[in-house]
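Chain by chain, the residues:
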Amino acid sequence: MSRPLQQSANRRRFLQSGTGAALAMSGVGFHGSTRLKASESPNERLQLLCVGVANRAAANLDGVNSQQLIGLCDVDANFLSAAAKKHPSAKTFGDYREMIDQLSGEADAIVVSTADHHHAPAALAGMNRGLHCYCEKPLTHTIEEARLMAKVATSKKLATQMGTQIHAGENYRRVVERIRSGVLGQIERVHVWVGKGWGGGERPETGDPVPKHLNWDQWIGPAPMRPYAKGRYHPAQWRRWWDFGQGTLGDMGCHYMDLPFWALGLRAPAKVVAEGPDVHPETCPLGLVVHYDFEASDSHGPLRMTWYDGDRSPKKLEGLRDDQVPSSGVLFVGSEGMMVATYGGYRLFPEEKFKESTEPARSIPRSIGHHAEWLEACRTGSPTTCNFDYSGALTECVLLGNVAYRLNQEILWDADQLRVTNAPAAERLIRKEYRDGWELPSELGE
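Keep in mind that what you see is a predicted model, and the values were worked out from it rather than measured.

Draft legend 1. Seen up close, the environment of glycine 207. With respect to the helices and strands, glycine 207 occurs in the loop between strand S7 (187-194) and helix H9 (216-220). Accessibility expressed as a relative area gives 38% for glycine 207, which makes it partly exposed. Put simply, glycine 207 and tyrosine 228 are 21 residues apart on the chain and 5.4 Å apart in space, counted from C-alpha to C-alpha. Residues contacting glycine 207, with those up to four places away along its chain left out, are Pro227 and Tyr228.

Right, here's the structure in full:
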């Protein structure tokens, strides 16, 4: 049964109390806190709202199904009906704005698993009501949205996590420890590549009848309206269209760039330049190369990180044989050697030099699980490793690659001011307009 509104209001007031503030500060390295009131058991199930219920969203529902799912939302009635059978006590909605309006007083947190263009409108609507938030990658559709998400999370002391599930794996932890141990010396160059490609195609000249089970107006949401076209957008092809996604870079960048970001403490590049096919006004490229230049910081020296995807994914890389370059991975190039890392393992090169090398002492604890980490943070204020401060900066960097590509020039990035200093035209790509009725909440973070 859903918790009474008065009790949920008490949960919010607890955050503002002295006890709540003390608990919020107890999570070392974490800016979040708990909304649970002091008299409630930390083992009580959280009350969750879920935006999106199928495909990637279904996996997220499985990740949080130990909790009480009180609201489910999807624009596809078939998907929603199937999810409702698994969670019969949840109320169902076709519009997340209505779900948040009706149930945010009873809820503790929100899970957002939609096409990219809905991430920020849905997540910020919940966060602005004080709901903790789990959101799929990339965190947002635009750079401005990523900055806003991080701002609101910090301002409202919310437990947040971006859905880069591989971050919770043991292999990534071992790679980070190895790089930080200095076994490769000073890291001077990073290559990141993914063999898949989301892009290409032309916008359909005519539309098709909208299926009865699909609310097309709701699916379009904040994007400019266009006719439905069977098999071209919903449910699986939206990533290739600029209005809804960010291509292969947006899809996979937050997974693979996450590793160098974590290991090297990266934040914002100073310069970005991209190479690819002629820019298409509607669809993302089938292959892209992006060079990100980072100035020296306390955690790394001057560094260039290069991203490759699709038909521009490398078959050869500096100092490696063809059979040593996997279809997707990360290559760290240091003054003392190199490392190739994938989701499941890593190798040091030259192999002869490092054959006696041993792993450093483990300093990063085993994850309790990517979703479990966030759920525990919602209850206690404990740390999450992909909170919106970290993942917001990662997403900004990823999306800057597409900004540089679409402008067809090297861009100089002022992260503090959130602007490209040498290209005023970048403004239309850093932020965007929203269709009437889908604007972001006002007074964000207040």
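Draft legend 2. Structural context of unusual backbone geometry. For the bond running from lysine 137 to proline 138, omega is -15°, close enough to zero to count as cis. Non-glycine residue lysine 157 carries a positive phi angle of around 55°. Relative to the helices and strands, lysine 157 is located in the loop between helix H7 (143-155) and strand S6 (160-163). Phi at leucine 418 is positive, roughly 55°, even though this residue is not glycine. In this fold, leucine 418 is placed in the loop between strand S14 (411-414) and strand S15 (419-420).

Draft legend 3. Structural view of the sheet that holds strand S13 (residues 346-349). Taken in spatial order, the nine strands make up an open sheet running S13-S12-S11-S7-S10-S9-S8-S14-S15, and their pairing is mixed. The sheet terminates laterally at S13 and S15, the two strands that pair on one side only. Set on the sheet, helix H8 (residues 170-181) makes contact with S7, strand S11 (329-334), strand S12 (337-341) and S13; between it and S13 the angle comes to about 25°.

Draft legend 4. Structural context of the nonpolar core. If you look at the biggest cluster of nonpolar residues, it comprises 91 residues, and the most contacted ones within it are Met127, Tyr292, Met305, Trp307 and Phe332. Apart from residues no more than four positions distant in its own chain, tyrosine 292 is found in contact with Leu249, Met257, Pro269, Lys271, Val272, Leu303, Arg304, Met305, Trp307, Cys397, Val398 and Gly401. By size, the runner-up hydrophobic cluster in this structure holds 19 residues, among which are Val64, Leu72, Trp374 and Leu375.

Draft legend 5. A look at the packing of helix H6 (residues 116-127) against H7. Running from N to C, H6 and H7 point in directions that differ by 15°, and their axes come no closer than 11 Å. Of the possible angle classes, the one that applies to H6 and H7 is roughly parallel. As H6 runs across H7, the sense of the crossing is left-handed. Side by side, H6 and H7 meet where Ala120, Pro121, Ala123, Leu124 and Met127 of the first sit next to Glu145, Leu148, Met149, Val152 and Ala153 of the second. Broken down by class, the residue content of the contact of H6 with H7 amounts to nine nonpolar, no polar and one charged.

Draft legend 6. Seen up close, the pattern of salt bridges. Evaluation of the coordinates by the stated rule reveals 27 salt bridges. Note that aspartate 251 is salt-bridged to lysine 196, the shortest N-O span being 3.0 Å. Highlighted residues: aspartate 251 in helix H10 (residues 247-256) and lysine 196 in the loop between S7 and H9, separated in sequence by 55 residues. Residue lysine 196 is classed as partly exposed on the basis of its relative accessible area of 33%. When the shortest N-O distance is used, the salt bridge between aspartate 322 and lysine 316 registers 2.8 Å.

Draft legend 7. Region of the structure containing the pairing of strand S4 (residues 109-112). Side-chain alternation along S4 places Ala109 and Val111 on one buried face and Ile110 and Val112 on a second face that is also buried. The sheet contact formed by strand S1 (residues 47-51) and S4 spans four bridges and is parallel. Across the sheet, the residue bridging to cysteine 50 is valine 111, located in S4. Examined bridge by bridge, S4 and strand S5 (residues 132-136) share four bridges and lie parallel to one another. Bridge pairing in S5 links valine 112 to cysteine 135. The parallel pair S4 and S5, bridged by H6, forms a crossover whose chirality is right-handed.

Draft legend 8. Representation of the sheet that holds S1 in the model. Spatially, six strands are ordered S3-S2-S1-S4-S5-S6 in an open sheet, and the strand pairing comes out parallel. Two strands lie at the open edges of the sheet, namely strand S3 (91-93) and S6, each paired on one side alone. Taking the axes of each pair of neighbouring strands and ignoring which way they run, one obtains an average angle of 15° across the sheet. Sitting on the sheet, H6 touches S1, S4, S5 and S6, and the angle it makes with S4 is about 175°.

So, how was this worked out
- Residues numbered from 1 in each chain as written.
- Predicted model: local features only at pLDDT ≥ 70, side-chain atom pairs only at ≥ 80, totals over all residues.
- Heavy atoms only, no water.
- Helix = DSSP H or I, 4+ residues; strand = E, 2+ residues; numbered from the N terminus.
- Buried < 20%, exposed > 50% of the residue type's maximum accessible area, 1.4 Å probe, protein only.
- Contact = heavy atoms within 4.5 Å.
- Pairing = 2+ DSSP bridges.
- Axes fitted to C-alpha atoms, helices over the stretch in contact; angles between N-to-C directions.
- Core = buried A, V, L, I, M, F, W, Y, C linked by side-chain atoms within 4.5 Å.
- Parallel < 35°, antiparallel > 145°, perpendicular 65-115°, else oblique.
- Left-handed = near helix turned anticlockwise from the far one by under 90°.
- Nonpolar A, V, L, I, M, F, W, Y, C, P; charged D, E, K, R; others polar.
- Salt bridge = Lys/Arg side-chain N within 4 Å of Asp/Glu carboxyl O.
- Right-handed = clockwise from strand over helix to strand, strands pointing away.

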